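Summary of the model geometry
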Amino acid sequence: MRGTNLGANVSGETIDGEPLIDTKTENEGNETRFSEINKRNYKDLWFYSNQIFISEEDRNHDDKH
């Protein structure tokens, strides 16, 4: 399962709901580079999750030990 805060066709971000590869950050200074990476990362948030399957069992019977 996957989700995002973006629409299906956001220029430079998604095509038909699929994420595009982020562009490489070419800044020289580490602080500036990390700041640009953080801005980019928080602008388009994605989450990924594994599905969880649950079986329901009838437990309306008396257990006498």
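Residues numbered from 1 in each chain as written. Predicted model: local features only at pLDDT ≥ 70, side-chain atom pairs only at ≥ 80, totals over all residues. Heavy atoms only, no water.

1. A closer look at the overall build of the protein
What the protein contains, in helices and strands, is 1 helix and 4 strands. Relative to a compact globule of 65 residues, whose C-alpha radius of gyration would be 11 Å, the protein shows 22 Å and is clearly more extended. Across its three principal directions, the C-alpha atoms of the protein cover 70 × 30 × 15 Å. Relative to its full complement of 65 residues, the protein shows a buried share of 12%. Put simply, 49% of the contacts in the protein that link residues at least 6 apart link residues at least 24 apart. Once the 8 positive and 14 negative side-chain charges of the protein are each reduced to a mean point, those two points are 5 Å apart. (Helix = DSSP H or I, 4+ residues; strand = E, 2+ residues; numbered from the N terminus. Rg over C-alpha atoms; globule rule 2.2 N^0.38 Å. Buried < 20%, exposed > 50% of the residue type's maximum accessible area, 1.4 Å probe, protein only. Contact = heavy atoms within 4.5 Å. Lys, Arg positive; Asp, Glu negative; His and termini not counted. Charge placed at Lys NZ, Arg CZ, Asp CG, Glu CD.)

2. Regarding the environment of Gln-51
For Gln-51, the location among the structural elements is in the segment after β4 (46-48). Residues Gln-51 and Met-1 lie 50 residues apart in sequence; the distance between their C-alpha atoms is 6.7 Å.

3. Looking at the side chain of Thr-14
Checked against the element boundaries, Thr-14 lands in strand β2 (residues 14-15). A distance of 3.0 Å separates a polar side-chain atom of Thr-14 from the backbone oxygen of Gly-7. Reaching out from Thr-14, the side chain makes a polar contact with the backbone oxygen of Ala-8 at a distance of 3.0 Å. Residues contacting Thr-14, with those up to four places away along its chain left out, are Leu-6, Gly-7, Ala-8, Asn-9, Pro-19, Leu-20 and Trp-46. (Polar contact = N/O pair within 3.5 Å; in protein donor to acceptor, adjacent residues only side chain to side chain.)

4. Let's talk about the pattern of salt bridges
The tally for this structure, following the rule as stated, stands at 2 salt bridges. Between Lys-43 and Glu-13 there is a salt bridge whose closest N-O contact spans 3.3 Å. In this pair, Lys-43 is assigned in helix α1 (residues 30-43) and Glu-13 in the loop between β1 (2-4) and β2, connecting sequence segments 30 residues apart. For Lys-43, a relative accessible area of 52% puts it in the exposed group. Overall, Glu-13 belongs to the buried group, its relative accessible area being 11%. With a closest N to O distance of 3.6 Å, Glu-36 and Lys-39 form a salt bridge. In this pair, Glu-36 and Lys-39 are both assigned in helix α1, 3 residues apart and thus about one turn of the helix distant. (Salt bridge = Lys/Arg side-chain N within 4 Å of Asp/Glu carboxyl O.)

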